[in-house]
Every structure is written in structure tokens, then in C-alpha cells.
Amino acid sequence: MSRGCARGLVAVLGVAAVLGAAGCTAPEAPMPTPTPSPSYVSTYVPPPEYGIAPLTGEQIEVGALTAPSLAAKVDNHPSARPQVGLDRTDIVFEELVEGGLTRYVAVWHSDVPSVIGPVRSIRPMDPEIISPLGGIVAYSGGQQRFVQLMLAAPVYNAIHGQSDTASTFYRGDNAPAPHNVLVKAPQLISQHLDLAAPRQQFAFAESLAAASATKEGRPTSAISLVFGSSSAPVWKWGEKTQRWVRFMTGGERDMAASGEQLSADNVVVLRVPVQVISSIPTTKLIGSGEAWVSSGGATIKATWSKRSLAAPIRLLDANGVAVRLAPGNTWVELVPLAGSVTFSRPAQ
């Protein structure tokens, strides 16, 4: 045994036998005894799951909107104003009809009033507008050739004067005939709950601040539209309400029967070709063209396209990226190429 090991053994006489058995090694220090700590309880609460309303992009309770949508051909003749329920729509499409006037395809899904209208006759472009929604379309009739086109579309046709609408369509005292055909909307929808809810029609941002136009668009105070000789509505941005408000030709506020001025979270303008067929202006929607999307007091340039009868309208920006609308209701203005669109900037 070396002298170094001998000196180590002398220094630890109390453990000589152990060191002799294990070789020349130091004893291990005792392991500390852990002190128990209080049990950790997380206070994190996961957020509730939510769904998205397909026509407004708003957050909803999961499974809350399973009913079909109701589209209706709503009269916009001066004698038909103020319209009933038009202030509670998810989407409104405005289109040119005869005499330089416009008419609406109004769509309800997330908020259905007790009565809507007045409804009028169908037009040849309406199947292209309504088919992507599925669900129900309500109208008062029309030329047989146009009715046949609508009957061939993948929607349920609820037509005034037919046996299946006897309990849901009626003539009201809101206006003189033919501007007084009203519809009991919830009852009509309840008769067709076997139909599916609509698909999402547009891309939506999570908030107004995140919408494409709000983030990237040019500040806009007013949108002036010319459809024809008798129709030149204007949308103005409301700083207090953070919504677009609508004015009729001549500058008068456009009101609903409820007393509310018509307003929108998004105004989408599409420049569309219009062909006059047998004296009927006919908007052509299968194709593509210029578009503008206005949200949050600003406007972004876009391109619209629609590839087939049942396909929704797509909106892409200059980079080919989907334009995201603000959550809320939308008015789609189908402005003829022969008409005009003017965007006014806020005063400096």
C-alpha cells in the first residue's frame, strides 16, 4: 500500500474498514431530504368554443345558426319605402332594373325579423346571386321565363299566390298594391328546416381593425354610386357609429320602417356588365371585374370573380390575397359599367 493511501486511512480511522473494501475513495455526502412544496393549481380557464356566422363573420355560439337563409326580392320603388326588415339583413345586393331604378336581393340569416318586404318579382340575374346561398327565396312572381330560371336553381322558391305560401305571404297596409306583399319570415323559415344553413360567402377578419380595408385602404368619407337615371345612392362614413350610413338619390336619409337609417359594416362595389334583354336590364355575374371593398372608413381596390351559378363571389386584392371584410352586415352594390363610382376622401 502507498504512503498516500496509508496517510488517508489514518485520517479516517472511523471508516478504515470501508475504505479498505472500496479502495482509496472519499465517503459520499448524505443526500438532502427534499422539503415538500404546496401543490400548484392552475387558474387558467380555456376560452369557450365559438362558431362563425357564415354571412356576417361574427362570433356565435357553436351550433347556433343551423336554419337556412331567407333571400327575398325586395322592392325599392319610391312607393315601397320604407321597407320592412331591411335594417336587419346579413347581406343586401342592389341591382339595376327597368326605368333606371334598382331592386334588392336581401338576405336574412343571423337576425330574422317577424316580417319582411315588400317583395316583388324575380329578375334574370337573381339565380346567380341567390344560388350560392341555398336556402329559400321569396318573391311575388315574375315573367315565366325568369321564374323558370329561378325554379331551376338549388333553392326553395316561395312565391306569392301559391298554396304553400298562403299562411306566410299577405298584403299589408304599408303601401298601395303592388308594393305591399309582406312575408312572415320566421314562419316561412320554420317550414323548411330540412334545408342546410348557407356556406360562408366572404372572407372575414376577426375585428373591424383587422379588416383589409381598415388596415390597408385609403381613407374614405363617402361612396357615391350611379346605377341609372333614377338611382344614385350615397354611403357616408359615421365616425361615431363606425358604420356606413345610406342616403337615397337626392340626399335624403334612407330609412327602414323601424325608423332606423339603413347602415352597413361593409360596402362592396362590383363593376358589372349589364345587358338589356327584351327591355330587361340583366346583370352578368359569372365572370370577373373591378371591385372596391370599404370597411372602417377606408377603401381597398380589389378584383371580383364568380366561376359558376352556385359559386360565391371571390374578392382578391392586388397581390391575389383574399380581401377580409369586417365582421357584420354587407351591402353589395352591382354598379353597371355604364354607371359610375366615386370615393370621397375626408377633408384635411
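Everything here concerns the structure above.
Below is a summary of the structure that appears in this document. Every chain is numbered independently, its residues counted from 1 as its sequence is written. Local features are withheld for residues below a pLDDT of 70 in this predicted model, meaning they are given only at 70 or higher, and side-chain atom pairs are given and counted only at 80 or more; totals for whole chains, interfaces and linings count all residues. Excluded from the side-chain calculation are hydrogens and water; included are all heavy atoms of the structure.

### Side note on the overall build of the protein
Counting from the N terminus, the helices are DSSP H or I runs at least four residues long and the strands are E runs at least two residues long. When helices and strands are counted, the protein shows six helices and 24 strands. What you see for the protein is a C-alpha radius of gyration of 33 Å, clearly larger than the 20 Å of a compact globule of 348 residues, by over 25%. Along the first, second and third principal axes, the C-alpha atoms of the protein reach 120 × 55 × 40 Å. Burial analysis of the protein (348 residues in total) assigns 47% to the buried set. Of the contacts formed within the protein by residues at least 6 apart in sequence, a portion of 61% connects residues at least 24 apart. Computed with a 1.4 Å probe, the accessible areas rest on the Shrake-Rupley method; for each residue, only the protein chains presented here act as cover. Carbon and sulfur atoms make up 55% of the accessible area of the protein, which totals about 17100 Å². In this charge count, Lys and Arg are treated as positive and Asp and Glu as negative; neither His nor the chain ends contribute. In plain terms, the charge of a residue is placed at NZ if it is Lys, CZ if Arg, CG if Asp and CD if Glu. With 27 positive and 26 negative side-chain charges, the protein shows a separation of 6 Å between the mean positions of the two kinds. Here the globule rule reads 2.2 Å times residues to the power 0.38, and the radius of gyration is calculated from C-alpha atoms. Throughout, exposure labels follow a simple rule: accessible area from a 1.4 Å probe, protein chains only, divided by the maximum for the residue type, with under 20% read as buried, over 50% as exposed, and the rest as partly exposed. By definition, residues are in contact when any of their heavy atoms lie within 4.5 Å.

### Quick look at the sheet that holds strand 13 (residues 234-238)
The strands making up a sheet are joined through hydrogen bonds of the backbone, oriented either antiparallel or parallel. Only strands joined by at least two bridges in the DSSP assignment are considered to pair. Here five strands make up an open sheet; going across it, the order is 15-14-13-12-24 and the pairing antiparallel. Two strands bound the open sheet, and with one partner strand each, they are strand 15 (263-264) and strand 24 (340-344).

### A word on the pattern of salt bridges
By convention in these notes, a salt bridge is any Lys or Arg side-chain nitrogen within 4 Å of a carboxyl oxygen on Asp or Glu. By the definition in use, this model includes ten salt bridges. Put simply, Asp126 and Lys73 hold a salt bridge, and the shortest N to O gap is 2.6 Å. You can see Asp126 sitting in helix 3 (residues 126-130) and its partner Lys73 sitting in strand 3 (residues 70-74), a full 53 residues away along the chain. Taking the relative accessible area as the measure of exposure, Asp126 reaches 0% and is therefore buried. As a salt-bridge pair, Asp111 and Arg88 come within 2.8 Å of each other at their nearest N and O atoms. With Asp111 in the loop between strand 5 (102-108) and helix 3 and Arg88 in the loop between strand 3 and strand 4 (91-96), the pair connects residues that are 23 residues apart, well separated along the chain. Classification of Arg88 as partly exposed rests on a relative accessible area of 32%. Sharing partners across several salt bridges, the network here consists of Glu94, Arg246, Asp254 and Glu333.

### What to know about the nonpolar core
Take the buried Ala, Val, Leu, Ile, Met, Phe, Trp, Tyr and Cys residues and link them wherever side-chain atoms come within 4.5 Å; each set so joined is a nonpolar core. Counting 37 residues, the largest nonpolar core has Leu270 and Leu315 as the members making the most contacts within it. Not counting residues within four places of it along the chain, the set of residues in contact with Leu270 comprises Leu285, Glu290, Ala291, Trp304, Ile313, Leu315, Val332, Glu333, Leu334 and Val335. Judged by nonpolar contacts, the second largest core, of 35 residues, contains Val92, Ile116, Leu225 and Val341.

### Digging into helix 4 (residues 144-151)
All of the buried residues in helix 4 are Phe146, Val147 and Met150. For helix 4, the arc enclosing every buried residue in end-on projection is 100 degrees, short of the 170-degree limit, so these residues lie on one face. Residues of helix 4 that are buried make contact with helix 3, strand 6 (136-139), strand 7 (156-159) and strand 18 (280-283). The directions considered for the arc are those from the helix axis to the C-beta atoms.

### Considerations on the environment of Gly328
With respect to the element layout, Gly328 can be found in the loop between strand 22 (324-325) and strand 23 (330-336). Sequence separation of Gly328 and Leu208 is 120 residues, and the distance between their C-alpha atoms is 8.9 Å. What Gly328 contacts, discounting residues up to four positions off in sequence, is Leu55, Thr56, Glu58, Phe204, Asp265 and Asn266.

### Focus on the packing of aromatic side chains
Aromatic pairs are defined between Phe, Tyr and Trp rings, using the six-membered ring for Trp, whenever the two ring centres lie within 6.5 Å; interplanar angles under 30 degrees are classed as stacked, those over 60 as edge-to-face, and all others as tilted. Going through the model one piece at a time under the given rule, you end up with four aromatic pairs. Centre to centre, the rings of Trp292 and Phe343 are 5.6 Å apart; their planes meet at 45 degrees, and the pair counts as tilted. One end of the pair, Trp292, is in strand 19 (residues 287-295); the other, Phe343, is in strand 24, and 51 residues separate them in sequence. Feature note: the residues Tyr104, Trp235 and Trp331 constitute an aromatic cluster, connected by ring pairs. The rule is short: NZ of Lys or CZ of Arg within 6 Å of the ring centre and within 35 degrees of the ring normal puts a charge over the ring. Seen from the ring of Phe247, Lys236 lies directly overhead, with NZ or CZ sitting 4.7 Å from the centre.

### Describing the side chain of Asp265
Residue position: Asp265 is located in the loop between strand 15 and strand 16 (266-272). A relative accessible area of 15% places Asp265 in the buried class. Any N or O atom pair separated by 3.5 Å or less is treated as a polar contact, with the protein-specific requirement of one donor-capable and one acceptor-capable atom, and with residues adjacent in sequence counted only for side-chain atom pairs. A polar side-chain atom of Asp265 sits 3.0 Å from the main-chain amide nitrogen of Asn329. Aside from chain neighbours lying at most four places away, what touches Asp265 is Arg243, Trp244, Ser294, Ser295, Pro327, Gly328 and Asn329.

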